[in-house]
Every structure is written in C-alpha cells, then in structure tokens.
Amino acid sequence: RPLVVAIDGPSGSGKSSISKEVARRLRLAYLDTGAMYRAVAWDCLERGLDLADGALVEAAARALDLELSTSADAERVVVRGHDVTAAIREPRISSAVSAVATNLGVRDELIRRQRALLAAHGRRMVVEGRDITTVVARDAEVRLLLTASEEARMRRRGAQLGGTQTAEQLHEQVVARDAKDSTVASFTQAADGVFTVDSSDLDFDQTVDAVLGVVHA
Ligand code: CDP
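These remarks concern the structure in this document. (Residues numbered from 1 in each chain as written. Predicted model: local features only at pLDDT ≥ 70, side-chain atom pairs only at ≥ 80, totals over all residues. Heavy atoms only, no water.)

Judged by nonpolar contacts, the single largest core of 37 residues is most densely connected at V40, V77 and V106. With eight residues, helix α2 (residues 33-46) is the largest single contributor of residues to this core. Not counting chain neighbours up to four residues away, the residues in contact with V77 comprise A35, A39, L66, E67, L68, H82, D83, V84, T85 and I88. Among the nonpolar cores identified, the runner-up in size contains 20 residues, and V5, A23, V214 and V215 belong to it. (Core = buried A, V, L, I, M, F, W, Y, C linked by side-chain atoms within 4.5 Å. Buried < 20%, exposed > 50% of the residue type's maximum accessible area, 1.4 Å probe, protein only. Helix = DSSP H or I, 4+ residues; strand = E, 2+ residues; numbered from the N terminus. Contact = heavy atoms within 4.5 Å.)

Structure (structure tokens):
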C-alpha cells in the first residue's frame, strides 16, 4: 500500500531530523530533496561554473552523476564518485544553493528524478523539502508543513553547527536563505489540505509524535 509522507518547511524547522525519525518509525524510505539541490551547487562550484549562467547550471543539473541514499539510517551523497555527504553542508554551499534552486530547469530535472525515486520505492517514502506538498508529491497520502518561529529556527541551526557561527552568520544562513527560497516555493503557509505542525514549543520527541499523529489520523 503506498504511503507517501510529504514534509515541507523552512531552514532550521527540524525538518530533516524529524523526517528521518518518522521514516524509521514507519519503516519507509527517506528522501532529502535539499541534498539534491546542494549536490548541484557543489558540482557547479567544483567546476567553477558561473551560477548566474542559467543555461550552464541547468545543463550541469541534467547531466549530474548523482547517487543518493534513500535510507534514514545511512545518509550518503556521491557526485561523480566523490563522497560529498559532508561537503554539501558547508556554509559556502548553503550560500550558493538558492541561486541553483531558483533555476527552473534545475528544478524540472530534480523534480523528475524525485518522482522517479518515489516510483522506484513503490511510493512508500518520507520526502522532505520545500515544494513536496505543493509540486513533487501533491497527491501524497500525508502532506505536512513543519514550521517554527524564526528565533527557534536560528537557535536550532546554531546548535547544529556547533555554536561556531555569529548571530549575523546564522541570520544569513536561516532568514536570508528563506527569503531567497521564497521566490520558488511557498513554504511559509500551508497549501490547501496540508497540515501544519508548529514545533516552536515542542521538543524532538513531541514533534515526532505530532507528525505521527497526523499520519495516523
Ligand atoms: O536543511 P536546510 O533547511 O538547510 O536546507 P535543505 O533542505 O538542505 O535545502 C537546501 C536548499 O535547497 C534550500 O535552501 C532551497 O534553496 C533548496 N531546495 C529547494 O529549492 N526545493 C526543495 N524541495 C528542497 C530544497
């Protein structure tokens, strides 16, 4: 029986850690679509491509040799044989990724690959990103927007990065990136039929329970 759990949310909403745990609990495959956009950004920077050259960036995405794990327990991203699992989380990638993600050709290609992965897993998968509930898997059995206040999101992202970032850097990573991303995907307001879980005042376990509550409703 198909069970697609589509989870969208802004940066620092806890989307990735929550989505992985939900996938484990439900024994579903897991797809981090943000990692795919990050992989394209990594590839473009590695090749020294001008991110403003839309046609070149689109071509890079179409040709991208990408291998991505679809298990919540083994995160692994490989581009052209390079294990970039850690590298795609670097701040230089976070700063560059929105430029890549606003390219409609890139989106078209990655959405196509995401839908193919969904089909390959018999549509039993937790998929997280920015446009999953609205575009990639509009027909998902469960559609959910995970939100949190700006303050909570900056606090979480800071803790995740080991407290090495200044308040300004965090603001750049979280708030400024959301502003850039909002031009391609609307994830601040739930679309019709999409449940909202606000995790501002919930801890990890409470948020997982809230999401599972929606799945089992
Ligand atoms: O985890 P975090 O919020 O930092 O971001 P991510 O999920 O790793 O996504 C990185 C970037 O990819 C986002 O800032 C968006 O620019 C882009 N993205 C997107 O456009 N559409 C998606 N479905 C997922 C990510």
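Moving on to the sheet that holds strand β2 (residues 29-32). An order of β2-β6-β1-β7-β8 is seen for the five strands of this open sheet, with the pairing classed as parallel. Either end of the sheet is taken by a strand with one partner, and the two such strands are β2 and β8 (195-198). Across the sheet, the mean angle separating the axes of adjacent strands is 20° when strand polarity is ignored. Inspection of the sheet shows strand β1 (residues 3-8) paired to strand β7 (residues 142-147) by four bridges, in the parallel sense. For A6, the partnering residue across the bridge sits in β7 and is R143. (Pairing = 2+ DSSP bridges. Axes fitted to C-alpha atoms, helices over the stretch in contact; angles between N-to-C directions.)

This brings us to the site of the ligand. Around the ligand sit 17 residues in total, of which R38, R107, R157, R177 and D181 are the nearest. Note that an oxygen atom of the ligand is positioned 3.5 Å from one of the side-chain N or O atoms of K15. One of the side-chain nitrogen or oxygen atoms of R157 is found 2.7 Å away from an oxygen atom of the ligand. In isolation the ligand has 530 Å² of accessible area, and contact with the protein removes 98% of it. The pocket occupied by the ligand, as judged from atoms lying within 2 Å of grid points, is the largest pocket. Elements represented by at least two residues in the shell around the ligand include exactly α2, α4 (91-101) and α8 (167-181). (Near = heavy atom within 4 Å. Polar contact = N/O pair within 3.5 Å; in protein donor to acceptor, adjacent residues only side chain to side chain. Areas by Shrake-Rupley, 256 points an atom, 1.4 Å probe, with all protein chains shown as cover. 1 Å grid on protein atoms, 1.4 Å probe; cavity = no way out; pocket = protein on both sides within 12 Å on 5 of 7 lines; lining within 4 Å. Sits in = over half its atoms within 2 Å of the grid points.)

Below, the discussion takes up the sheet that holds strand β5 (residues 82-83). In spatial order, the strands read β3-β4-β5; together these three strands make up an open sheet with antiparallel pairing. A strand with exactly one partner marks an edge of an open sheet, and here the two such strands are β3 (66-68) and β5. With three bridges joining them, β3 and strand β4 (residues 77-79) adopt antiparallel strand pairing. The residue bridging E67 from the neighbouring strand is V78, located in β4. Here α2 sits on the sheet and contacts β3, β4 and β5; the angle it forms with β4, its principal contact strand, is near 30°.

Right, let's get into unusual backbone geometry. Backbone geometry places R80, a non-glycine residue, at a positive phi of 45°. Looking at where R80 falls in the secondary structure, it is placed in the loop between β4 and β5. Exposure remark for R80: the relative accessible area of 34% places this residue in the partly exposed category. A positive phi angle is found at R123, which is not glycine, with a value near 55°.

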